[in-house]
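Report on the structure
Listed below, chain by chain, are the residues.
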Amino acid sequence: MDTKKLGALLKAVDGSGVRHILIETKSAKVRILRATGAPGKRDSAATVMAAPHLALTKSASPAATSSMVRPATTVAEKNDIVSTHVGFFSRFNPKTKKQYFKLRDVVKVGDVVGVVRAMHIDQEIVAEKSGKIVTFLVEEGQPVEYGQPTIRLE
Amino acid sequence: MIRKVLIANRGEIALRVIRACKELGIKTVSVHSIADENSLHRHFSDEDVCIGEAPSSDSYLNIPRIMAAAEITGADAIHPGYGFLSERAKFAEACDENGITFIGPTKDIIDKMGDKSSARENMAKAGVPIIPGTEILKDKDEALVAARRIKFPVILKATAGGGGRGMRICENEAELLKNFDIASNEALVAFGNSGVYMEKYIRNPHHIEVQILGDKHGKVLHIGERDCSIQRKHQKLIEETPSPFIDERIRKKIREAAVRGAEEMGYFGAGTMEFLVDDNGEEFYFIEMNTRIQVEHTISEMITGIDLVKMQIRVADGEAIPFDQKDIVFRGHSIECRINAEDPANGFIPNPGRITGYHIPQGLGVRVDSHCYMDYSIPSNYDSMIGKLITWGNDRTEAIERMRRSLAEFTIEGVKTTIPFHLRVMDEKSFLDGNYHTGFLESFKF
């Protein structure tokens, strides 16, 4: 891990509202978390124990990485549709096998935009916002946690 | 072999389990609600999953969400901690059905020991003393016969009652005859059911429990007893081991009874048998069994050096307990004070908020199990525990002195805490004499 680049990244986000950064390479994983959400609050971050703020761990193997959930690497924006369930995300209707929506489709409040599958049960993600899909924030089959942004609208 | 444990809990116990897993080389997954975004446990685990909104029903009590978190992370075992789902048979069942090792006893054992009547029946079979009592009494005559068998004082209880309501203490036959009709009528008015039953009334009881550890190969051991008599509304505040109240004869009997009871159930894992001891220190009675790790497991660890959480995991993995009863050495004395964000000067009202100053006591024989840190905001959605302060000493005097020193050193600013209360108790005569019962707080002036 190039510590100079890491330092430059920290400097770049200092003063912004970013609170959680995760960087993952083949040989290392770095998670950085601010103690408080307030931008520029260096003092409060400095007084918290170092351990929970900077955790440098080595991945045991690529297989280990693939089984891990890397939640919330995307910071939720106001037009994001977030997951209200925990499980594996799918854009496809399990009955019809057709995609609920594609890129640039327009979604209305109340539309089912995906399902989250866990323990053999499919639970729907229902849009609470309207807009045009600009990007899918998670891959097909990707594990998602509660509150994780899945689809971005404009 | 267990490779990855999901901890279905939060706060200090989640950290406790994570630490044990790390020492065993086992990966960890934590779950958290959105109210626990800044909780330490999610940052200590290898992976973490947000499972829901703040209310426990949406998060820490939500079995489908927790099982889903286990599925997406590939966890092959779940540790339930204490509270929440730790004694929910349905949770153990869900783990079984999904091929996940539940770090605890079987669903059947949880069911049997969770049902008061069934637990008493099973303990009686094992020759464990239970509080003498009756079924619903037909009339005064039957009540008299029962009271002569049980011996006064007795207490009449409404079968549909609870929360201390519908109870009448009777010191003799005249009082019993007078109170029987009153108790029946009160029960009918309050609960719509006039049925009353009788139990022996234990005056000024002492709450003494025994730590049990069993494995899947039939071995059951005790890890000593704990005196947990200082309580408020049935919530323990201070625990110590060994109990300063009972003598060695009763200590031996109560420990052996607990092992017998656990053997009768085929118990494995960590569990605690709870007893009431009468004020003479001569008679003891089984009240219930907790089929999980307890908050106060720490003091048993301090006097034996046995890591109970690691043993829970190893036992769940099918390992045999690698020592026998005779190998356990009980050394010294240990005390735990539960430090809560509560105002003891104001009826112990919860006082969540942001911690603006935090320094934990340190030194030989001092242990702090806490999930809190400087700038941490204690959420109002869950219990008010900040942490547990545990001291060990070569004897009780040293453990108390060390606790006094540690409490004075423990600095928590920004929220009110129970530290001042504990400091006062450490100077209270009945505590220092080791002669206090569950009514301690009623006469304690703070």
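Let us look at the structure shown here. Not measured: the values here are computed from a predicted model. Position numbers for residues count from 1 along each chain, tracking the sequence in the order it is written. Throughout, the order in which chains and ligands are written sets their labels, letters from A for the former and numbers from 1 for the latter. Only residues with pLDDT of 70 or above have their local features reported here, since the model is predicted, and side-chain atom pairs are shown and tallied only from 80 upward, although totals for entire chains, interfaces and linings are computed over all residues. Only hydrogens and water are set aside when side-chain values are computed; all heavy atoms of the structure are taken into account.

1. Overview of the sheet that holds strand β6 (residues 154–158) of chain B
Residue and element names in this part refer to chain B. Here is the rule we go by: Two strands form a pair only when DSSP identifies at least two bridges running between them. Every helix listed is a DSSP run of H or I at least four residues long, and every strand listed is a run of E at least two residues long, numbered separately from the N terminus. Helix axes are fitted to C-alpha atoms over the stretch in contact, other axes to C-alpha atoms as well, and angles between N-to-C directions run from 0 to 180 degrees. Throughout, a residue-residue contact means that at least one pair of heavy atoms, one from each residue, lies within 4.5 Å.
With antiparallel pairing, the three strands of this open sheet are ordered in space as β7-β6-β8. Only two strands of the sheet have a single partner each, and these edge strands are β7 (167–170) and β8 (196–200). Within the sheet, the average angular offset between the axes of one strand and its neighbour, ignoring direction, is 25 degrees. The sheet strands contacting helix α7 (residues 140–150) are β6 and β8, and the helix crosses β8 at an angle near 15 degrees.

2. A closer look at the side chain of Glu145(A)
Note the following rule: Note on exposure labels: buried denotes an accessible area under 20% of the residue type's maximum, exposed denotes more than 50%, and partly exposed covers the range between, all computed with a 1.4 Å probe on protein chains only. Think of it this way: Lys and Arg go in the positive column, Asp and Glu in the negative one, and His and the chain ends go nowhere. Here, a salt bridge means any side-chain nitrogen of Lys or Arg that lies within 4 Å of a carboxyl oxygen of Asp or Glu.
Note that Glu145(A) resides in the loop between β10 (143–144) and β11 (149–153). In this structure, Glu145(A) is buried with no salt-bridge partner, the nearest side chain bearing the opposite charge being Arg42(B) at 5.6 Å.

3. Considerations on the nonpolar core
Residues and elements named next belong to chain B. Stated formally: Residue types Ala, Val, Leu, Ile, Met, Phe, Trp, Tyr and Cys, when buried and joined through side-chain atoms within 4.5 Å, form a set referred to as a nonpolar core.
Among the nonpolar cores identified, the biggest contains 66 residues, and Ile238, Ile339, Val425, Met426 and Phe431 are the most heavily contacted of them. When residues in this core are grouped by element, the largest group, seven residues, is from helix α1 (residues 11–24). Discounting chain neighbours no more than four positions away, the residues touching Met426 are Ile238, Ile335, Cys337, Ile400, Met403, Arg404, Leu407, Phe431 and Leu432.

4. Brief notes about the pattern of salt bridges
Two side chains with opposite charge may pair up if their charged atoms get near one another. Residue and element names in this part refer to chain B. Tallying each qualifying case throughout the model produces 44 salt bridges over all chains. The closest approach of N and O atoms between Lys4 and Glu47, which form a salt bridge, is 2.6 Å. Here Lys4, found in strand β1 (residues 4–7), pairs with Glu47, found in strand β3 (residues 47–52); they are 43 residues apart in sequence, far enough to count as distant. Under the relative-accessibility criterion, Lys4 is labelled buried at 6%. Between Arg255 and Glu225 there is a salt bridge, and its shortest N-O distance comes to 2.9 Å. With a gap of 30 residues between them, Arg255 in helix α9 (residues 248–265) and Glu225 in strand β10 (residues 220–232) connect regions that are remote in the sequence. For the pair formed by Arg255 and Glu225, the shared burial category is buried. Each of Glu209, Arg226, Lys236, Glu239, Glu274, Glu296 and Arg338 takes part in one network of salt bridges that share partners.

5. Let's talk about the packing of α1(B) against helix α11 (residues 308–316) of chain B
All names here are of chain B. Selection criterion: Two helices cross in a left-handed way if the nearer one is turned anticlockwise from the farther one by less than a right angle. They cross in a right-handed way if the turn is clockwise. Gly is put with the polar residues, along with every residue not named as nonpolar or charged; the nonpolar set is Ala, Val, Leu, Ile, Met, Phe, Trp, Tyr, Cys and Pro, and the charged set is Asp, Glu, Lys and Arg.
At a closest axis distance of 9 Å, the pairing of α1 and α11 adopts a crossing angle of 65 degrees. Taken as a pair, α1 and α11 cross one another with a handedness that is right-handed. Residues Arg16, Val17, Ala20, Cys21, Glu23 and Leu24 of α1 form the contact with α11, whose participating residues are Leu308, Val309, Lys310, Ile313 and Arg314. The residue makeup of the contact of α1 with α11, split by class, is seven nonpolar, no polar and four charged.

6. Brief notes about the environment of Leu432(B)
Residues and elements named next belong to chain B. When you line up the elements, Leu432 lands in helix α14 (residues 429–432). For Leu432 and Arg396, which are 36 residues apart along the polypeptide, the C-alpha to C-alpha distance reads 9.1 Å. In this view, Leu432 contacts Arg396, Ile400, Arg404, Met426 and Asp427; residues no more than four positions away in its chain are not counted.

7. Focus: the pairing of β6(B)
Residue and element names in this part refer to chain B. The buried fraction of β6 is high, at five of five residues. Of the two faces of β6, the one lined by Val154, Leu156 and Ala158 and the one lined by Ile155 and Lys157 are each fully buried. Bridge count for β6 against β8 is five bridges, and the pairing is antiparallel. Across the sheet, the residue bridging to Val154 is Lys200, located in β8. With four bridges connecting them, β6 and β7 associate as antiparallel partners. Across the sheet, the residue bridging to Lys157 is Met167, located in β7.

8. Brief notes about the state of the cysteines
All names here are of chain B. Just so we agree on the cut-off: Disulfide: a pair of cysteine sulfur atoms within 2.5 Å of each other.
By the definition in use, this model includes zero disulfides over all chains. Unpaired in terms of disulfides, Cys50 finds its nearest cysteine sulfur in Cys372, a separation of 20 Å. Looking at Cys50, the relative accessible area reads 5%, which means it is buried. Cysteine Cys372 shares no disulfide, and the gap to the nearest cysteine sulfur, in Cys337, comes to 16 Å. Of the residues examined, Cys372 reaches a relative accessible area of 4% and is grouped as buried.

9. Some remarks on the packing of aromatic side chains
Counted only if it meets this: Put simply, two rings from Phe, Tyr or Trp (the six-membered ring, in Trp's case) pair if the centres are within 6.5 Å, and we call them stacked under 30 degrees between planes, edge-to-face over 60, tilted for the rest. Geometrically, a charge over a ring is one whose NZ (Lys) or CZ (Arg) sits within 6 Å of the ring centre while staying within 35 degrees of the ring normal.
For the structure on display, the rule yields 13 aromatic pairs over all chains. Centroid distance Tyr60(B) to Phe84(B): 5.2 Å. Interplanar angle 35 degrees. Geometry classified as tilted. In this pair, Tyr60(B) sits in the loop between β3 and α3 (63–73) while Phe84(B) sits in the loop between β4 (77–79) and α4 (89–97), placing the two residues 24 residues apart along the sequence. For Phe84(B), a relative accessible area of 26% translates into the label partly exposed. On the numbers, 5.3 Å between centres and 80 degrees between planes, the contact of Phe348(B) with Phe421(B) is edge-to-face. Residue Phe348(B) is located in the loop between β15 (342–343) and β16 (349–350), and its partner Phe421(B) is located in helix α13 (residues 419–425); the two are separated by 73 residues in the primary sequence. Here Phe348(B) falls in the buried class, since its relative accessible area comes to 9%. The exposure class assigned to Phe421(B) is buried, which follows from its relative accessible area of 1%. Three or more aromatic residues joined by ring pairs make a cluster, and in this case those are Phe348(B), Phe421(B), Phe431(B), Tyr436(B), Phe440(B), Phe444(B) and Phe446(B). Lying across the ring of Phe136(A), Arg91(A) places its NZ or CZ 4.0 Å from the centre.

10. Some details on the side chain of Thr304(B)
Residues and elements named next belong to chain B. Our working rule: Identification of polar contacts relies on pairs of N or O atoms within 3.5 Å, with a donor-acceptor requirement for protein atoms, meaning one able to donate a hydrogen and the other able to accept it, and with residues adjacent in sequence counted only if both atoms are side-chain atoms.
If you trace the backbone, Thr304 turns up in helix α10 (residues 297–304). A residue is classified by how much of its surface remains accessible, and Thr304, at 17% relative accessible area, is buried. Of the polar contacts made by the side chain of Thr304, one reaches the backbone nitrogen of Ile306; its length is 3.2 Å.

11. Section: helix α5 (residues 107–114) of chain B
Residue and element names in this part refer to chain B. We apply this condition: Of all possible arcs, the one meant is that of the directions from the helix axis to the C-beta atoms.
Ile109, Ile110 and Met113 are the residues of α5 that are buried. The buried residues of α5 all sit within an arc of 100 degrees when viewed along its axis, so they share a single face. In this structure, the buried side of α5 is in contact with α4, β5 (101–102), α6 (116–125), α9 and β13 (284–290).

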